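Read off the chains here:
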Amino acid sequence: MPFLLSCADLFQLLRDSYCNKQPSRLLRIVQSHNSNNKIHANVEEEVIPKLGIEFETEQDAYDFYNSYARVVGFSIRRNSSGIAPRASVGLMAKRVGGLDNLGFSPEDYNNYLRTRRTEEMKSGDTGGLLEYLQRMQSEDLNFSYAIQVDLDDLITNIFWVDGRMKLDYEYFGDVVCFDTTYKKNKEGRPFALFVGVNHHKQTIIFGAALLYDETSESFMWLFDSFQKAMFGKKPKTILTDQDAAMAKALASQWPETHHRLCVWHMYHNAAKNLKEVFGRYRTFAADFSSCVYAHDYEDDFLDAWDNMLDK
């Protein structure tokens with residue numbers, strides 16, 4: 001179960017990891033910015049992150065660091081910390097000199113997490129979703145769903161598919177696009193879709209899932225649940241973004257399936273990293289777009305790519 005950690009606590013943990021000579025990537029970034037006077041020359045002092053800053057809420061910490069990122073010129077993304085409860089308790093105990101000085105027991109900590117997540121489920125969308133799934137199963141004999149729970153029997157991931165989705169997948173499921181672009185709510189929980197195209201070039205949905213996180217373990221469970229719901233049929237080709245956890249899960253669960261990267265994600269990733277080139281050359285955007293989208297054969301693409309580089 002993911003460790004529920006505030007941004008203020010996260011900054012403290014990162015500082016401690018740095019003091020232990022194991023700086024995280026984020027700390028290295030912050031350290032690099034702080035040591036570069038040129039970057040901070042035109043930045044107001046109160047905008048720059050410093051060790052010891054405290055925030056009233058997690059949102060305040062996020063807004064503060066996001067504002068700093070915009071001023072300096074990089075972007076940030078909020079995500080769950082992924083620290084297991086036992087490891088997090090051990091880390092906090094180490095910081096204060098042992099469990100006796102922690103102020104609470106590991107049982108208190110687990111009870112807090114269990115209560116918080118149960119309250120979230122009661123007040124949020126999960127309870128209503130379960131009612132919907134049960135109702136749909138009674139109305140559609142081919143409707144099926146799967147639920148994954150953690151060690152405390154609390155729901156983490158949910159997958160569902162109806163009869164029409166199964167039928168569409170039987171006919172058009174050779175190529176599947178797996179997408180987690182959509183986020184359910186302010187916590188950023190991924191809403192995952194298995195998507196395809198029918199013989200009318202219309203987008204169709206093969207299955208959907210509400211995930212707790214985007215770890216390889218969650219994806220492994222999801223791909224396995226999808227395969228079971230589809231009577232063991234795996235797609236011949238699956239398209240994803242450049243997510244390493246997805247790639248690991250696919251290699252583990254569907255090694256025979258060809259894994260390809262979504263061209264849309266590739267184009268936008270290139271555009272983000274080639275801002276200066278797009279701005280410097282007037283025709284580069286059109287030439288690059290043509291290379292990415294206009295060629296179905298490798299030789300044609302390579303010729304267009306070489307011509308663009310020469311130009």
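In the nomenclature of an unreviewed UniProt entry, the protein chain corresponds to MULE transposase domain-containing protein from the organism Lithocarpus litseifolius.

The subject of this paragraph is the overall build of the protein chain. What the protein chain contains, in helices and strands, is 14 helices and 7 strands. For the protein chain, the computed accessible surface area is about 19,600 Å², with 51% contributed by carbon and sulfur atoms.

Among the structural elements, Asn198 can be located in the loop between strand 4 (190-197) and strand 5 (203-210). Within the local environment of Asn198, its side chain forms a polar contact with the backbone nitrogen of His200, the two atoms lying 2.9 Å apart. At 2.9 Å, the side chain of Asn198 and the backbone nitrogen of Gln202 are in polar contact. Setting aside its immediate chain neighbours within four residues, Asn198 contacts Phe172 and Ile204.

As a packed pair, helix 11 (residues 263-273) and helix 13 (residues 284-293) sit with axes 11 Å apart at the nearest point and diverge in direction by 155 degrees. Classified by the angle their axes make, helix 11 and helix 13 are roughly antiparallel. Considering the relative orientation of helix 11 and helix 13, their crossing is right-handed. Contacts from Val263, Trp264, Tyr267 and Ala270 of helix 11 reach helix 13 at Ala285, Phe288, Ser289, Val292 and Tyr293. The residue makeup of the contact of helix 11 with helix 13, split by class, is 8 nonpolar, 1 polar and no charged.

This part takes up the packing of helix 9 (residues 216-229) against helix 10 (residues 244-253). Closest axis-to-axis distance for the helix 9/helix 10 pair is 8 Å, and the angle between their directions is 45 degrees. Judged by the inter-axis angle, helix 9 sits oblique to helix 10. The two elements helix 9 and helix 10 meet at a crossing, and its hand is right-handed. Counted together, Ser216, Phe219, Met220, Phe223 and Asp224 of helix 9 and Ala245, Met246, Lys248, Ala249, Leu250, Ser252 and Gln253 of helix 10 form the full contact between these two elements.

In this section: the pattern of salt bridges. A full pass over the atoms with the stated rule returns 7 salt bridges. For Lys50, the salt bridge goes to Glu45, with nearest N and O atoms at 3.3 Å. In this structure, the salt-bridge partner of Asp224 is Lys228, at a minimum N-O distance of 3.2 Å. With Asp224 and Lys228 both in helix 9 and 4 residues apart, this pair spans about one turn of that helix. The partly exposed category is assigned to Asp224, whose relative accessible area is 27%. Residue Lys228 is classed as exposed on the basis of its relative accessible area, which comes to 61%.

Scoring rules and cut-offs
Counting of residues starts from 1 at the beginning of each chain's written sequence and follows it residue by residue. Local features in this predicted model are restricted to residues of pLDDT 70 or higher, and side-chain atom pairs are both shown and tallied only at a pLDDT of 80 or more, whereas totals for entire chains, interfaces and linings draw on every residue. Side-chain metrics rest on all non-hydrogen atoms present in the structure, leaving aside hydrogens and water. Under the scheme used here, helices are H or I runs from DSSP no shorter than 4 residues and strands are E runs no shorter than 2 residues, and both carry numbers assigned from the N terminus. Areas reported here follow the Shrake-Rupley algorithm with a probe of radius 1.4 Å; residue values treat only the protein chains shown as occluding. We define a polar contact as two N or O atoms separated by no more than 3.5 Å, with the added condition that, inside protein, one atom must be a possible hydrogen donor and the other a possible acceptor, whereas residues neighbouring each other in sequence contribute only through side-chain atom pairs. The contact definition used throughout considers only heavy atoms, calling two residues in contact when any of these lie within 4.5 Å. Every axis corresponds to a line fitted to the C-alpha atoms, with the helix fit spanning only the stretch in contact, and the corresponding angles, defined between N-to-C directions, vary from 0 to 180 degrees. An angle below 35 degrees is treated as roughly parallel, one above 145 as roughly antiparallel, one from 65 to 115 as roughly perpendicular, and anything else as oblique. By convention, the crossing between two helices is left-handed when the near helix turns anticlockwise from the far helix through less than a right angle, and right-handed when the turn is clockwise. Note that Gly is not counted as nonpolar here; it falls among the polar residues with everything else outside the nonpolar set of Ala, Val, Leu, Ile, Met, Phe, Trp, Tyr, Cys and Pro and the charged set of Asp, Glu, Lys and Arg. Throughout this description, the term salt bridge denotes a Lys or Arg side-chain nitrogen within 4 Å of a carboxyl oxygen of Asp or Glu. Relative accessible area decides the class of each residue, using a 1.4 Å probe on protein chains only: under 20% of the type maximum gives buried, over 50% gives exposed, and in between gives partly exposed.

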